[in-house]
Amino acid sequence: MASHAPVSDREQKILGIIETARGKRAKFRDEHINMAHGAGGKATQSLIEGMLLPTLASGSLLEMADAGSVEVEGVGLALSTDSYVVRPLRFPGGSIGELAVNGTVNDLAVSGAQPLALSLSLVLEEGLDAEELRSEIEAIAATARSAGVEIVAGDTKVVERGHADGMYICTSGIGRRDPRATLSPSALRPGDRILLSGSIGEHGTAIMLARGEFDLAAPIESDTRSLWPAVDALLGAAGPELRCMRDATRGGVASVLNELARASSVAMVVREADVPVDPAVAGASEILGIDPLYVANEGKLVAFLAPDAVDRALAALRSVEGCEAACEIGEVRTEPPGMVLMQTGFGGRRVIDQLVGDPLPRIC
Amino acid sequence: MGAAGVRYVDEFRDAALGRALAGEILGSLEPGRHYKMMEVCGGHTHSIYKYGIDDLLPANVELVHGPGCPVCVIPMGRVDDGIALALEEDVVFTCFGDMMRVPGSRGSLLDAKAEGADIRMVYSPLDALRIARESPERQVVFFAIGFETTAPSTALTLKRARAEGIENFSCMCSHVTIVPPLRALLESPDLRLDGFIGPGHVSTVVGARPFEFIPADYRKPVVVAGFEPLDILQAIVMILRQLAEGRCEVENQYTRVVPYEGNERALEVMAEVFELRPHFEWRGLGFISHSGLKISEAYADLDAERRYSVPGLRVADPKACQCGEVLKGVIKPWECKVFGTACTPERPIGTCMVSSEGACAAYYNYGRFAREREVV
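Computed from a predicted structure; not experimentally measured.

S.K.: For this particular structure, what's the right way to read the overall build of chain A?
M.R.: Tallying secondary structure elements over chain A gives 10 helices and 15 strands in all. In summary, chain A has a C-alpha radius of gyration of 21 Å against a globular reference of 21 Å for 364 residues, a match within 12%. The proportion of buried residues among the 364 residues of chain A is 48%. By sequence separation, contacts in chain A at least 24 residues apart represent 82% of the contacts at least 6 residues apart.

S.K.: Explain the overall build of chain B to me, please; I cannot follow it from the model alone.
M.R.: Summing up its helical and strand segments, chain B has 16 helices and 14 strands in all. For a compact globule of 376 residues, the expected C-alpha radius of gyration is about 21 Å, and chain B comes in at 21 Å, within 12% of that figure. Dimensions of chain B, computed from C-alpha atoms along their principal axes, come out at roughly 65 × 45 × 45 Å. Residues counted as buried form 55% of the 376 residues belonging to chain B.

S.K.: Looking at this model, I keep getting lost on the sheet that holds strand β9 (residues 250-252) of chain B. Mind explaining?
M.R.: Residues and elements named next belong to chain B. The five strands lie next to each other as β2-β1-β7-β8-β9, forming an open sheet whose pairing is parallel. The open sheet has two free edges, formed respectively by β2 (61-68) and β9, since each of these has just one partner strand. Going across the sheet, the axis of each strand differs from the next one's by a mean of 25°, ignoring polarity. As defined by bridge partners, strand β1 (residues 35-41) adjoins β2 across six bridges and the pair is classed as parallel. The partner of cysteine 41 across the bridge, within β2, is glycine 68. Of the strands in this sheet, β1, β2, β7 (195-199), β8 (222-225) and β9 touch helix α11 (residues 229-244), which is tilted by about 165° from β8.

S.K.: Honestly, the environment of Val256(A) in this entry has me stumped. Any pointers?
M.R.: Residue and element names in this part refer to chain A. With respect to the helices and strands, valine 256 occurs in helix α8 (residues 252-264). Looking at valine 256, the number of C-beta atoms within 10 Å reads 29, which means it is buried. Sequence spacing of valine 256 and alanine 282 is 26 residues, and the spatial spacing of their C-alpha atoms is 20 Å. Residues within four places of valine 256 in sequence aside, it is in contact with Arg246, Ala248 and Val302.

S.K.: What's the story with the nonpolar core in this structure? I'm lost.
M.R.: A general feature of soluble globular proteins is that nonpolar side chains tend to end up buried together. Among the nonpolar cores identified, the biggest contains 214 residues, and Leu234(A), Leu257(A), Ala303(A), Ala313(A), Leu317(A), Met37(B) and Cys360(B) are the most heavily contacted of them. Residues in contact with Ala313(A), not counting those within four places in the same chain, are Leu195(A), Leu234(A), Ala237(A), Ala238(A), Ala303(A) and Leu305(A).

S.K.: Help me understand helix α2 (residues 42-56) of chain A, please; the structure alone is not making it clear to me.
M.R.: Since the α-helix packs 3.6 residues into each turn, any two residues three or four apart lie on the same face. Residues and elements named next belong to chain A. Between its terminal C-alpha atoms α2 stretches 20 Å, which fits the 21 Å expected from 15 residues at 1.5 Å a residue. If you look at α2, its biggest bend is around 30°, right at isoleucine 48. Once α2 finishes, alanine 57 follows within two positions and takes phi at roughly 45°, a positive value.

S.K.: Can you walk me through the pairing of β2(B) in this structure?
M.R.: Side-chain direction in a regular strand flips from residue to residue, so the side chains alternate between the two faces of the sheet. Most of β2(B) is tucked away, with seven of its eight residues classed as buried. Handedness of the crossover joining β1(B) and β2(B) through helix α3 (residues 42-51) of chain B is recorded here as right-handed.

S.K.: What am I meant to see in the confidence of the model for chain B here?
M.R.: Low-pLDDT stretches of the model should not have their predicted coordinates read in fine detail. All names here are of chain B. With 94% of its residues at a pLDDT of 70 or more, chain B shows a mean pLDDT of 88. Confidence, expressed as mean pLDDT per element, reaches its minimum in chain B at helix α1 (residues 3-7) with 44 and its maximum at strand β13 (residues 293-295) with 97. Taken together, the stretch residues 1-6 has pLDDT below 50 and engages in 14 contacts with residues farther than four places along the chain or on a different chain. For this predicted complex, the interface score ipTM comes out at 0.76, while the overall pTM is 0.84.

S.K.: I'm lost on the packing of helix α2 (residues 15-27) of chain B against α11(B) in this one. Help?
M.R.: A pair of packed helices is captured by two measures, namely the crossing angle of their axes and the spacing between those axes. Residue and element names in this part refer to chain B. Relative to each other, α2 and α11 sit at 15°, their axes nearing to 9 Å. Classified by the angle their axes make, α2 and α11 are roughly parallel. Note that α2 runs across α11; the crossing there is left-handed. Contact residues: α2 offers Leu17, Gly18, Leu21, Ala22, Glu24 and Ile25, while α11 offers Pro229, Leu230, Leu233, Gln234, Ile236, Val237 and Leu240. When the residues that make up the contact of α2 with α11 are grouped by side-chain class, the tally is 10 nonpolar, two polar and one charged.

S.K.: What am I meant to see in the packing of helix α7 (residues 151-164) of chain B against helix α12 (residues 264-273) of chain B here?
M.R.: Residue and element names in this part refer to chain B. Viewed as axis vectors pointing N to C, α7 and α12 meet at an angle of 60°, and their least axial separation amounts to 9 Å. Relative to α12, α7 is oriented oblique. Here the hand of the crossing between α7 and α12 comes out left-handed. Counted together, Ala151, Pro152, Ala155, Leu156, Leu158 and Lys159 of α7 and Ala266, Val269, Met270 and Val273 of α12 form the full contact between these two elements. In terms of residue class, the contact of α7 with α12 is made up of nine nonpolar, no polar and one charged.

S.K.: How should the pairing of strand β6 (residues 113-125) of chain A be read in this particular structure?
M.R.: Residues and elements named next belong to chain A. Relative to strand β8 (residues 167-177), β6 runs antiparallel, the two sharing 11 bridges. Residue pairing in the sheet places leucine 118 in a bridge with glycine 173 of β8. Sheet analysis places β6 next to strand β7 (residues 150-159), joined by nine bridges and oriented parallel. Within β7, the position partnered with glutamate 125 by the bridge is valine 159. Taking the sense of rotation as the criterion, the β-α-β connection linking β6, helix α5 (residues 130-147) and β7 turns out right-handed.

S.K.: Please explain the sheet that holds strand β3 (residues 91-96) of chain B as it appears in this structure.
M.R.: Either a parallel or an antiparallel arrangement is found when strands of a sheet pair, and the pairing is made through backbone hydrogen bonds. Residue and element names in this part refer to chain B. Taken in spatial order, the four strands of this open sheet run β4-β3-β5-β6, and their pairing is parallel. The open sheet terminates on both sides in strands that have one partner only, identified here as β4 (119-122) and β6 (169-175). Direction aside, neighbouring strands of the sheet carry axes that sit 25° apart on average. Of the strand pairs in this sheet, β3 and strand β5 (residues 139-146) are connected by four bridges, and their pairing is parallel. In the sheet register, threonine 94 faces β5, and the bridge partner there is phenylalanine 142. In the packing of helix α6 (residues 125-134) onto the sheet, contacts are made with β3, β4, β5 and β6, and the angle to β5 comes to roughly 175°.

S.K.: Please clarify how the environment of Gly198(B) should be interpreted in this entry.
M.R.: Residue and element names in this part refer to chain B. Looking at the secondary structure, you find glycine 198 in strand β7. Note on glycine 198: 32 C-beta atoms within 10 Å, which makes it buried. It is 30 Å that separates the C-alpha atoms of glycine 198 and lysine 159, two residues lying 39 residues apart in sequence. Those residues in contact with glycine 198 that lie beyond four places of it in its chain are Val40, Ser203, Ala208, Phe211, Val222, Val223, Val224 and Ala225.

S.K.: I'm lost on helix α7 (residues 228-238) of chain A in this one. Help?
M.R.: All names here are of chain A. Burial analysis of α7 places eight of its 11 residues in the buried class, the great majority of the element. Within the span of α7, buried status applies to Trp228, Ala230, Val231, Ala233, Leu234, Leu235, Ala237 and Ala238. Contacts made by the buried residues of α7 are with α4 (96-110), β6, α5, β10 (242-247), β12 (301-305) and α10 (310-318).

S.K.: What am I meant to see in the environment of Arg133(B) here?
M.R.: Topologically, Arg133(B) is positioned in helix α6. As for Arg133(B) and Glu245(B), which are separated by 112 residues in sequence, their C-alpha atoms are 57 Å apart.

Reading the values: rules and limits
- Residues numbered from 1 in each chain as written.
- Chains lettered and ligands numbered in written order.
- Predicted model: local features only at pLDDT ≥ 70, side-chain atom pairs only at ≥ 80, totals over all residues.
- Helix = DSSP H or I, 4+ residues; strand = E, 2+ residues; numbered from the N terminus.
- Rg over C-alpha atoms; globule rule 2.2 N^0.38 Å.
- Buried ≥ 20, exposed ≤ 12 C-beta atoms within 10 Å, placed from the backbone.
- Contact = placed C-beta atoms within 7 Å.
- Pairing = 2+ DSSP bridges.
- Axes fitted to C-alpha atoms, helices over the stretch in contact; angles between N-to-C directions.
- Core = buried A, V, L, I, M, F, W, Y, C linked by C-beta atoms within 7 Å.
- Expected span 1.5 Å × (residues − 1).
- Bend = angle between axes of the 7 residues up to and from the residue.
- Right-handed = clockwise from strand over helix to strand, strands pointing away.
- pLDDT = per-residue confidence, 0-100.
- Parallel < 35°, antiparallel > 145°, perpendicular 65-115°, else oblique.
- Left-handed = near helix turned anticlockwise from the far one by under 90°.
- Nonpolar A, V, L, I, M, F, W, Y, C, P; charged D, E, K, R; others polar.

This is the structure we're talking about:
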């Protein structure tokens with residue numbers, strides 16, 4: 001005979017306290033900025049929600065979408081900015097220059113805006129090899145050309161040796177909102193489906209291995225690419241049924257799912273067996289004790305849409321280069337709000353929580 | 001590495017076999033009885049969450065997460081000592097990634113890094129030795145933590161440092177041993193456990209024999225188990241079978257890796273490089289005799305604690321923290337006075353909240369959801 005385990009009043013009360021704390025806007029109480037504040041997890045959230053948003057107090061920022069909105073005489077524009085800090089500057093599958101273009105292009109694209117133009121700020125370290133810089137500028141030009149955006153403004157600064165890891169790049173981008181869809185992080189409804197545009201974890205794993213800190217070699221390349229073609233295909237196939245899209249960069253797919261589950265006050269269930277992971281990435285993650293769901297991608301998007309649009313959307317997505325492995329990985333539910341659950345390949349369930357700090361390799 | 005590198009484990013993750021074992025577990029329960037077993041090793045806890053194994057068990061089979069997370073058991077005073085070393089001029093302080101978040105009395109190594117200490121994450125002590133070799137002008141200190149699983153690699157690294165004559169390398173040894181804390185738990189009069197899932201990784205080094213005192217002295221079954229989901233379910237079946245048959249012994253589920261007598265070579269190397277400390281403090285469990293390792297006289301010149309003066313101050317666990325009781329299975333995480341209020345995953349007080357796999361952190365994150373399981 002089966003029955004539910006009894007829950008005492010006190011336990012119920014504690015669960016209530018946790019639930020309330022989870023739903024609350026994060027406070028920022030740290031004395032210093034540490035690396036966790038940049039990792040895309042809870043610490044980042046506390047910095048953004050606890051210090052930046054309340055101080056800057058802009059309506060568009062509060063949406064916490066990948067790009068903000070500006071309206072100019074009836075034309076909807078999207079504006080996005082991002083800084084690129086990566087070591088090493090070149091890695092299998094890409095370089096900092098390609099990231100700087102694709103990253104901002106993708107933030108605009110997943111916000112449902114066609115990228116139009118970028119600005120480029122370079123922070124260069126004294127002593128940087130001019131050839132290295134030249135090859136990055138060429139990479140930026142080529143990537144911008146293939147993404148269909150122009151670099152229309154720029155700035156250069158040089159800092160003393162020992163700063164800036166060779167170079168930092170900041171790009172800002174402007175795009176035109178596409179009329180085919182109205183997207184919002186808070187638009188998710190129970191029953192919506194979750195699509196993923198391809199296999200996960202490649203960029204972050206490639207970088208980790210390229211740093212040479214671990215004695216591991218594997219044929220893994222960064223997936224950096226423009227997502228506008230994928231977004232364009234999705235808008236065409238499922239425009240009005242699209243609720244929201246995100247590119248799963250820092251913090252990986254897990255962070256995207258958690259942010260949106262919170263923003264829309266819904267639950268999500270993801271089927272582990274349906275999440276594509278390249279075998280080399282799976283192997284490296286296994287050895288390093290890292291979950292690929294939390295690893296950064298630079299050319300993968302997660303899309304949320306109404307169930308009847310799934311087949312059309314998938315067919316359209318799979319015809320786009322780089323999205324051949326696109327698939328449905330789960331769905332949006334009602335309970336428990338704000339939580340992401342995983343149906344494991346082994347048949348159990350677990351919670352996919354937000355990252356607390358950096359995804360650090362574990363020893364035990 | 002590549003596809004073949006991970007494929008060999010798939011057979012231990014077969015969902016159909018998992019369901020069959022879950023059925024077997026269900027069939028071997030005495031109706032109305034509540035079973036509590038402890039998985040000693042943090043690696044097991046990790047697998048249990050990763051695969052959702054808890055979710056395949058009836059609610060009256062409860063897994064208690066034991067003291068075997070090597071990161072979480074390091075007390076605040078030791079973290080403070082590590083930070084003090086890391087702040088020494090010229091020192092490159094190296095440690096495993098998951099050690100960086102563990103709080104000391106005034107922040108973690110991650111915080112110290114933010115304040116300017118040169119702290120680097122390594123994957124093995126040999127990586128730390130490599131940094132020493134490549135930066136002869138710096139002093140490289142390795143923060144050695146872990147049970148008998150990681151102690152042999154530290155020992156071998158120290159031997160290599162000696163052999164290569166690398167003088168700018170030293171080690172802050174916080175290795176611990178598995179048997180004393182288990183004995184301390186078992187000695188506790190309020191312990192509520194029916195059996196133990198024995199630590200597979202540690203046992204590859206020490207063997208299964210050291211756990212014989214558990215059935216002999218305390219009448220509890222022990223099954224040394226591997227880390228794949230089927231290993232863990234099978235170990236639970238084996239423990240339940242012992243209980244049903246009134247047997248009580250050490251069984252080895254993980255024979256494909258664990259020799260009953262352990263790894264003689266690893267034990268020899270450890271004996272050469274380390275000696276037992278008279279006592280060592282464990283976060284949440286207090287001082288336990290002969291439970292920690294220090295660097296032996298023969299290798300004293302590579303001992304960071306002798307090379308530098310560390311504060312060595314004991315920082316008491318916060319009074320309100322009841323991690324000890326949680327570890328013994330006496331109280332549930334939510335019954336602790338500070339749980340969910342003063343002690344949360346973002347600002348942990350006790351060991352059980354430090355690691356995401358600690359019993360309290362797990363309950364904080366998954367508790368509401370775990371209530372949906374059913375009781376037989």
